Each structure stands twice: as structure tokens, then as C-alpha cells.
Amino acid sequence: MKRSLAALVAGTAVLAAAVPASAVTTITTANGLNWQIHDFAPPKLDTGSIRAITDNAFYGFGGIRVRVSGIPATDTTARFNGELMRGFNLGYDGDESFTTAQPVVLGGIAISRAVKVSKAGNYSRFLDTFANTSTRTITVDVAFGGSAGQNSGSAQSKVVDSSSGDTAIGADDSWVEVANPSATGVSNRGPSAVVNGTQSGTGNFQRDPFGNPLPLTGLEANFYGYKNTLTLAPGQTKSLLRYVVAGRAEAAATAGQQVAAVKTGATTLASAPDIAGIPAGVGCTVANWAPLYDAATCAASPAPAVTPEQPTKLPVTTSGYDVFNKSITQLAADMKSGLTTSQAITRAYLDRIAAYDSGPFGFHAFITVSDTAMAQAKAADDRRAAGDTSELLGIPVAVKDLYDTKDMPTTDGSLAFEGWRPERDAGQVKRLRDAGAVIIGKTNLSEFANSGSYSDSGYGMVWNAFKPSKTSLGSSGGSAVATALSLTGFAMGTQTGVSLYAPSTGASLVSLRGTDGISSGAGVMPLTWLQDFEGPIARTTSDVARILNVTTGTDPDDIATVHADADHKRPADWKTALDPNALQGKKIGYVPSAFDASPSYGQEDGTIDALKARFNDLIAAGATMVPVTAAAPASPATGTLTGSRTEEGWQRYFDLHANPPYHTASEILSSPKVLPYNRGTQNPAARLTAADIDKIFAQRDEYKARWKTYMDTAGVDAIVYPGFRSDVYDNDGAQTLSSDRNSGVPTSNVGLPTLILPVGANPHGDPMSLQFVGRAWDDAKMLGFGYALEQQLGGAGHLVPATAPKLAVVTQATAPVGGQVPATLALTMGAPATFGAFTPGIAKDYTATTTANVISTAGDAALTVSDPGHLANGTFALAAPLTVAFSKAVWTGPVSNDAVTVTFGQHIGATDPLRTGAYSKTLTYTLSTTTP
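Rules of the game
- Every chain's residues receive numbers from 1 upward, in the order its sequence appears when written.
- A pLDDT threshold of at least 70 governs which residues receive local features in this predicted model, and a stricter bar of 80 or more applies before side-chain atom pairs are shown or counted, although totals over entire chains, interfaces and linings include all residues.
- Only heavy atoms go into the side-chain values, all of them from the structure, while hydrogens and water stay out.
- Only DSSP runs of H or I covering at least 4 residues are called helices, and only runs of E covering at least 2 are called strands; the numbering of each starts at the N terminus.
- Buried, partly exposed and exposed residues are distinguished by accessible area as a fraction of the type maximum, computed with a 1.4 Å probe on protein chains only: under 20%, between the cut-offs, and over 50%, respectively.
- Pairs of residues are marked as contacts when any of their non-hydrogen atoms sit within 4.5 Å.
- By the convention used here, strands pair only if DSSP detects at least 2 bridges between them.
- Cysteine sulfur atoms are paired as a disulfide whenever they fall within 2.5 Å.
- For helices, the fitted axis covers only the stretch in contact; all axes are lines through C-alpha atoms, and the angles between them, taken along N-to-C directions, range from 0 to 180 degrees.
- When the centres of two rings from Phe, Tyr and Trp lie within 6.5 Å, Trp using its six-membered ring, the rings pair. Their planes under 30 degrees apart give stacked, over 60 give edge-to-face, and anything left gives tilted.
- Within this scheme, the nonpolar core is defined by two criteria: the residues are buried Ala, Val, Leu, Ile, Met, Phe, Trp, Tyr or Cys, and they are joined through side-chain atoms within 4.5 Å.
- In the sections that follow, a salt bridge refers to a side-chain nitrogen of Lys or Arg positioned within 4 Å of a carboxyl oxygen of Asp or Glu.
- As used throughout, the charge tally considers Lys and Arg to be positive and Asp and Glu to be negative, leaving His and the chain termini uncounted.
- Pairing of N or O atoms within 3.5 Å defines a polar contact, subject to two protein rules: one partner must be a possible hydrogen donor and the other a possible acceptor, and residues neighboring in sequence count only if both atoms are side-chain atoms.

If you check an unreviewed UniProt entry, the protein appears there as Amidase from Solirubrobacter ginsenosidimutans.

Set out below in C-alpha cells:
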């Protein structure tokens, strides 16, 4: 829904013209703190919140959650009611300030942010403006805050002071200071204060601040949400003004000094708020402070004009086939039966991408959407009509944007690769394309696939499919979110550490990180060569089996598949593993400490208990649960390598291309287009030698052998690990606070097959998973175990997000309608013109008028008149000639009934002879055209 709110934007622009920033913009204040602000610069989180501050325990702070009352059911923004606001298109002025270029509209409320980081004052200012564009009176609840700590130990934040002088946050507190005091009272992380003016209470910012109070202890006591409620009449604007003051960490010798400095800053702002640069028309709308301007100033400075709400246009699809939450197994069956076509399926996905992936509330799962998707779908339909029965024929697939695609750019999530378009497909993409799959687009990821916590690229940041204030996890977040939201049939991702299992868990999907070398990594941009794994993300284990039938096997371009002899290690048909009785009589191990060890964030939230309850489902499926308490095997030593695995991975990638965009890994990392927090300089490194490569293979082979012995000794067929051990957290923090993944699962470090299976939700509604880890080459066996548990759960394992609902279907048809216009040039003259009586002996100019009516269907027309000559009375003529003028005489297009005034002029001189009688002249008028 698009609204023009230029007047509101202009009113809230409290600084000079904005200029683009290079990425998450960093401003350094006088006390040496670096403030990272989420503006519109890459990765374009665009919340206006603080990503992090030097020394401080902020993990995303200064965002706003907004809840609007009475949003109509026809308003698609209702899906984001109560969520973290973003999409302000915040521009940086190059100095201290950020302003909204386009307000975000939620339920008829246009929301703008203006953020200032005062370099001299060591604080930030947040001005949030809310304009009611609707015709109804609306109540708006706003929570300001985020995470000011991340556990219940040394990084736990505590209230150390307030305007009321105590450590309890009350509605009467105009400011509140928090710190991370050690046992000796030293704030080992920088203290901070929020200066609120007035507020109506606090809530748990990470978990619905409007319904959940702020706890006093534990992890969630760090999640401060300061609340205000506004009531806005139609056309009314109100604003909220807040400040965040921050200090440095303390040492024993400086204990209390920074806490005192922050208190001074807070009290100063509370008594004399900084309003420099705020237009009076906006400042007069601030509702959480005593009036900032006198009544006369406000009377002379009305609030910015508000453009009325425009009618909402609901997103629709022109496809008659519903793809919502359809497995690819179902899609294939429906195409085989003739119920639908690949073109109908692909059109439905493309319409959903258009509806849900872009704009202020878009999920940003895609970097590129293929402009040949429909042509690919038609080709698949033609192949099916010719008798092709390939399993993935006509199924749309999205691939993580580090797989090479010959028909789309490949970016690795970095602007450093902007415009790079390989001339060949990655090995697995070629297999998919040869099988008739439709490569629908390239999905977003963390830059260089280097984060498991977020999917933040130079092209945007992916949001969680279930709770769209939270992280999608990484690095394959785009692939998981696109699949979960039914923007594609399935997707391809990669994993070096957690990048298949984390996003799949967060999106309630299935994935398999297979044994090293079972599928090709050729043509995939590397992170850690020979540890990277490329594989699918899908809804069901049955889907995964069908995908693996196409994507696995030996590739001469990938030495790992050759070393593994993948063609002889993979099953001939992965679907044979799909046995509902696969768990019967099996012993499934679990490592107690993986479930029961102290939570990474210091507080249980019910996730572990909910996961362990699924052991009963494993038992019901026929398994015996066996605790494995022996220490896991240690990693063998690799030995000294003379070259770099990173460099080797990139050189092997470059070797596949005639004209690669770079020539060394160090060139890539040092590009100025890389996100600042990923950018770095490093010396060029040598490639691995053949002996180095042998050492790596030997180390990983030995590690797998040790795990086989470990599992043999324990007498188990597989070991299950938790996916996450906690909730998932908001998307605007730095790496530390995303989800507790500290389970010790050995998958990536060893290269073992691991099946990730969704198993429902934790008590707070976040998706959960279990991971089945097996011996090397037990890939199909793990898939079978997952299938058996999936059947035991009866569909309760995989959850469906409600954030991208089904689209209404519209049917469009064309039919001609028309008529004919005959060529017409019509000129009709009005009543004859008359000058009346001429007076002899007196010099005078006489005028007379008539009208002409013009109708022309021509491309142009011109009106002319014959030579007027002289008025005559019989044979006697007047001395002066008659003159004629038209009010309009030329037309450059068709006209109908266009009136023209015709003016006549006659001069009578003082000595002109006049004869008694009537004078007249008949003229000929011509309407002509050169383009009939």
C-alpha cells in the first residue's frame, strides 16, 4: 500500500539533506564510544536502533514496537502489529543525524523516526512521530528499548539508579540507568541510561512488551521495553522523544565514575532536553514531555499536514493453483495427475514473492528473482507433455546466492561481487536444471556465509518467518524463510558450522547435512574448504529424499566427491529410506549435557523440557533412548599446513571461470564494498599443496572413524542433539544474542550425516528441532529415522507461519470492445455579424463578432478565411478594408464543438465618404487538415 506523506516527512526532517552511508553507520562520541546505527545503509535493517556500542551490553537497543488498535481485516499491515518497526529508509547526513525518507504505515498510522547521535554529549536522541492518516480514532501503544544485557551472570544488566532515586522502574521515572556491576560494584560493561520524559510502565521488549511485564531477574530482565500510549484523532499527529546516554566500562581504579557520568548526562537531559534542530511544528506534538515550546509558538507552528489514508490494495495471485505450504511431493503428484502445471505453480510462487518479500515489511529472502522463471516452467511443461517423468520436473527451487547460476548474478551476499555473472552453473544447480527444476531465484544470506546468527548481506537482512521481529538465523536464512513462507517449492543452502540446521530450525523445516563428499560443492563460493557442505532445505523428509536423488553423487570438478566415491556411497533411490518403522528396535543415544548443561544465556525458557518430551515420541515409534555419557572423541591433529584452506577454496572456485572477478581471497575481503564489520586486510596466502590436502582428508577421515568407534561402544544407531536450546531473539543485535546453539553437535567439525527434523514449538511458540547424527555414510539411515519420527508426530512437527497467508485468486481475461469514428471536419458559423450604423464625419473603429463551431477528428486542423476586401453598398465600397481575426485558428489534435470567436474590424475616417444604404460582404471560411 503506497501513501504520499511528503508533508509529514518534511516536517520531521530535523537535519540537512541525507547522504547514503556505506553500511551500518558508526558514529564515535567524545568519550570514545562507537555507536552502530541500523539505518538504510547495508545490510538495510533500517530500524533506527543501536546494533551495538563499544564496551556496552547492548544487543539491539532503541527500536520501537508498535501496536495499533482496530486495524481492519483488509489491511495487510495487521500481520506486523506489535512487531519491531523497520523500513524507514533512514538516511545519514554524514555527521550526527538520520531521518526518515518515507514513513512506515501500520494500520493507518504513519510512523517516522529521526535519530541523532550527539558526539559531544555522548548520547543518542530518538524522535518518533505518529500521524493518524485514517478516519477513525486510534490508540497506539509504543514500546521503546531492546536488550541491555544477555545473560544472568557477568553481562546481566541491573538498574543502578533512576530519577526517583531507587532501583525500581516506576511510571514516575523520567530516566533509568542500568549497568553490569561485578561483585565488587565495578560496571564491567558500559553503563547506560534511558531518558523517557514520561512513560506508562515497562514490558518484556523481546517477547510482547504489551502483554508481558519486564521480569526482575534472569535473562529476560535485560529486555527493557519502556511503554507509552497515544490516542490520535483522525488527522492528528503526536510524537515521542527519548534519549539514550552511554558510558565506558569501568575498572577497579575508576569504579563508579562512568555510572556517575551517565547519571549526570541523564539528569541534564531530563531537565533541559536537547531539541536543537527539531521544527517547532513537530516539537509541539511531543506527548511524553512537558511542553517544549510556548503556546504562542505552537499556535504559529501547526503540525505537518497528514495525507489521508489511501485504499488498501490486497495482494492477489493470477494462478488458480494454491501452493501454500505444499510439499514438492504434492506438487509433483498434482502435475503428474494433470491437476496443475509448472507454469501455474511458478506463477503462484512469483506472485507470493511480489506480495511478501519486498517493501518496509518484506522478509528480504531473495536477492534476485529470475526473469526466465516462467519460460523455464513452460519448458518443463513441454518436457512433461513429451513423456518426461523426472521427479523434480517443473518444481521451483531457490538457491542460496553463493551457488553459481549461468542465468543470474552470484554475489555471496556481498556488494563486492555486484554484477558478477558466471557463465556456468554450480555442480548441483546443473543437476537440478538438467532434471527440469525451475531455478526461481537466488536467496539472501549472511555476507560470505560467515554468520550463523543472522543473514545480513549487502542487499538486505532476512527476517524470521514466524516472528518477524526476530532473526532468521544464518547463514542460509533466505533459503529457509523463502521455503517456510511458500515463496518456493524448496531451497538449497550450505553449512560450514550451523548454516543449514540453524535457519531450518528457525523456520520449522527439514534439512540434511550429509557426509563429507556425498554432494558437490563445485561452483559454490567457499568459506572453509572441505568443511563446507551444500544441501537442501524442504518441508518434509520425503521432499528431501526426492531432492537428494538429483543432487548427490560424484562430480569430477569436486575432489571431495571423488575422494568419497559418492556415486557408490549414496543409495540408488533415497526414497527407499522412507520407512515408517525405521525406528523400530533402534537405540537412539542422547548426550545428557547437550540438553541439560547450563543455558548459554543463563535462564531456562522451557525449550529443553519441550525437546526432551519428544523422547516419548521416539519411544512410541519403537526406539530405545540411551544416555551417552562418555566423553566425545577428540579431534585428530591435522598437522602443519603450508597453505591456506580459505585460499585453496577460492582458487578452486576461480579455476572454474575464465574471467573471475578477483584473483585472491585477500582481494575480496579488503574490498571497500564489504560490510565494515566483515571487512579486513590480510596478506595473500599460498594454496595448499597435495600433501596439505592429504593431511586434511586424513584428519577428517580419522575423526569420522573415531566417532564410529564412539557410537559402536555406546551401542547406538544414532545420537540426537537439540537444534536450539532457547527462544530465537530479535534481528537488530550483534552476534552474541540470537539463539542458544551450544549443544556440542559434532556435525560440521567431523563431517557426519545429520538430519534436522522440526518437532513443534517451544512454550513461547518458537520452532524446535532434533538432530539425528549418524556414522559416516549413514545418511539414508538418518533420513529414515527422521521420516519415522515425522510420521509418529502426525504432522505436528512442521509448523506453518501465519505471516504470509494465502493470496486471493483473481482471474483475468481480455475481450475486445470498440467502435468507429468517421472522418469528420465540420464548421458551423453563428449568426451574421453587424457593425450597426456608421457615423459620417467622425473617425472611429467599429467591431462586430460572430462565432464558429469546430468539430474535427483529424490529427490537426486549421481555420482560414478568404480575402475580406471592402464592405460595399452596391457599387460603392468603403475606403478602409475589412479585417477578420480568430480567437483560435490552429488545432493539433481532435476537438469536438470547440467554439471560436470571429472578430471583424472596420475603420471609418473623418473624411471618408459614406453613401446611404446597407453595406455587406460575403466571406468564405475553410477548415482544413493535413492528417485526416
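Chemist: Requested: an account of the overall build of the protein, with residues and values cited.
Modeler: Each helix and strand counted, the protein has 21 helices and 40 strands in total. For the C-alpha atoms alone, the extent of the protein along its principal axes is close to 140 × 80 × 55 Å. Sorting the 932 residues of the protein into buried and exposed places 57% on the buried side. When contacts within the protein are restricted to residue pairs at least 6 apart in sequence, long-range pairs at least 24 apart make up 73% of them.

Chemist: Can you lay out the pairing of strand E10 (residues 138-147) for me, pointing to particular residues and giving the numbers?
Modeler: Of all 10 residues in E10, 9 are buried, a share of seventy percent or more. As paired strands, E10 and strand E15 (residues 223-232) are joined by 10 bridges and run antiparallel to one another. Of the residues in E15, the one forming a bridge with Val142 is Asn228.

Chemist: Outline the state of the cysteines, listing residues and values.
Modeler: Among covalent bonds in proteins, the disulfide is the one between the sulfur atoms of two cysteines. Scanning the model with the defined rule gives 1 disulfide in all. The disulfide bridge from Cys284 ends at Cys298, spanning 2.0 Å between sulfur atoms. Disulfide Cys284 to Cys298: torsion about the S-S bond roughly -90°, handedness left-handed. Pair noted here: Cys284 is in the loop between helix H3 (280-283) and helix H4 (295-299) and Cys298 is in helix H4, with a separation of 14 residues, a long-range link. Judged by relative accessible area, which is 25%, Cys298 ranks as partly exposed.

Chemist: Provide a residue-level description of the sheet that holds strand E39 (residues 895-908), including the pertinent values.
Modeler: In spatial order, the strands read E32-E33-E39-E37; together these 4 strands make up an open sheet with antiparallel pairing. What marks the edges here is a single partner per strand, and that holds for strand E32 (825-829) and strand E37 (883-886). This sheet shows a mean twist of 25° between the axes of neighbouring strands, independent of strand direction.

Chemist: Residue-level account of the packing of aromatic side chains, with values.
Modeler: Going through the model one piece at a time under the given rule, you end up with 26 aromatic pairs. With centroids separated by 5.0 Å and ring planes inclined at 50°, the aromatic side chains of Tyr590 and Phe615 adopt a geometry described as tilted. With Tyr590 in strand E26 (residues 587-590) and Phe615 in helix H16 (residues 615-620), the pair connects residues that are 25 residues apart, well separated along the chain. According to the relative accessible area criterion, Phe615 is buried, its value standing at 9%.

Chemist: I'd like a description of unusual backbone geometry, backed by residues and values.
Modeler: Geometrically, the link from Pro42 to Pro43 is a cis peptide bond, its omega value of 10° lying close to zero. If you trace the backbone, Pro43 turns up in the loop between strand E2 (34-37) and strand E3 (50-53). Of note, the amide linkage connecting Gly474 to Ser475 takes the cis form, showing an omega dihedral of 5°. Tracing the backbone through its elements, the reader meets Ser475 in the loop between strand E22 (460-461) and helix H9 (477-484). Even without a glycine there, the phi angle at His364 is positive, about 60°.

Chemist: I'd like to hear about the nonpolar core, residue by residue, with values.
Modeler: If you look at the biggest cluster of nonpolar residues, it comprises 180 residues, and the most contacted ones within it are Phe130 and Phe490. Ranked by residues supplied to this core, first place goes to helix H21 (residues 779-793) with 7 residues. Formed by 21 residues, the second largest nonpolar core is a distinct cluster that contains Phe838, Ala861, Trp891 and Leu923.

Chemist: Account for the environment of Val286, with residues named and values stated.
Modeler: With respect to the secondary-structure elements, Val286 resides in the loop between H3 and H4. Note on Val286: relative accessible area 11%, which makes it buried. Residues Val286 and Lys336 lie 50 residues apart in sequence; the distance between their C-alpha atoms is 62 Å.

Chemist: Quick one: what's the story with the pattern of salt bridges, residue by residue and with numbers?
Modeler: Per the counting criterion, the structure on display carries 38 salt bridges. The closest approach of N and O atoms between Asp161 and Lys263, which form a salt bridge, is 3.1 Å. In this pair, Asp161 is assigned in strand E11 (residues 158-162) and Lys263 in helix H2 (residues 257-271), connecting sequence segments 102 residues apart. Asp161 sits in the buried class, given a relative accessible area of 13%.

Chemist: Would you mind going over the pairing of strand E13 (residues 192-195) in detail, with residue names and values included?
Modeler: Taking every second residue as pointing to the same face, both faces of E13 are buried, with Ser192 and Val194 on one and Ala193 and Val195 on the other. Sheet topology places strand E12 (residues 175-179) next to E13; 4 bridges connect them, and they run antiparallel. Bridged to Val178 within E13 is Ser192. Relative to strand E16 (residues 237-246), E13 runs antiparallel, the two sharing 4 bridges. Paired with Ala193 across the two strands is Val245, which belongs to E16.

Chemist: Summarise the environment of Gly715; cite the residues concerned and give the values.
Modeler: Position of Gly715 relative to the elements: it lies in the loop between helix H19 (690-714) and strand E28 (718-722). Sequence spacing of Gly715 and Lys587 is 128 residues, and the spatial spacing of their C-alpha atoms is 7.3 Å.

Chemist: I'd like a rundown of the environment of Tyr787, residues and numbers included.
Modeler: Checked against the element boundaries, Tyr787 lands in helix H21. When the C-alpha positions of Tyr787 and Thr911 are compared, they lie 118 Å apart, and in sequence the two are 124 residues distant. Those residues in contact with Tyr787 that lie beyond four places of it in its chain are Thr541, Ser542, Leu578, Asp579 and Pro580.

Chemist: Please give an account of helix H8 (residues 427-434) that cites residues and values.
Modeler: The set of residues buried in H8 consists of Gly427, Gln428, Val429, Leu432 and Arg433. Looking at the buried residues of H8, the elements they touch are helix H7 (373-385), strand E19 (396-400), strand E20 (438-443), strand E23 (490-495), strand E25 (533-538) and helix H11 (541-551).

Chemist: Explain H9 to me, using residue names and the numbers behind them.
Modeler: A large share of H9 lies buried, amounting to 8 of its 8 residues. For H9, every residue scored as buried is listed here: Gly477, Gly478, Ser479, Ala480, Val481, Ala482, Thr483 and Ala484. Contact partners of the buried residues in H9: strand E18 (366-369), E19, E20, E23, helix H10 (501-506) and E25. Two residues or fewer past H9, Ser486 is found with a positive phi of approximately 60°.

Chemist: Describe the sheet that holds strand E34 (residues 861-865), naming the residues involved and giving the relevant values.
Modeler: What the 3 strands build is an open sheet, ordered E38-E34-E40; its pairing is antiparallel. Strands at the two margins of the open sheet, each flanked by one partner only, are strand E38 (890-891) and strand E40 (925-928). Pairing geometry for E34 and E40, over 4 bridges, is antiparallel. Considered in E40, the bridge of Thr864 is made with Thr926.

Chemist: I'd like to hear about the side chain of Arg86, residue by residue, with values.
Modeler: Position of Arg86 among the secondary structure elements: in the loop between strand E4 (61-68) and strand E5 (90-92). With no salt bridge to any partner, buried Arg86 finds its closest opposite charge in Glu83, at an N-O distance of 5.9 Å. At 3.4 Å, the side chain of Arg86 forms a polar contact with the backbone oxygen of Leu84. Within polar-contact distance, the side chain of Arg86 engages the backbone oxygen of Pro468 at 2.5 Å.

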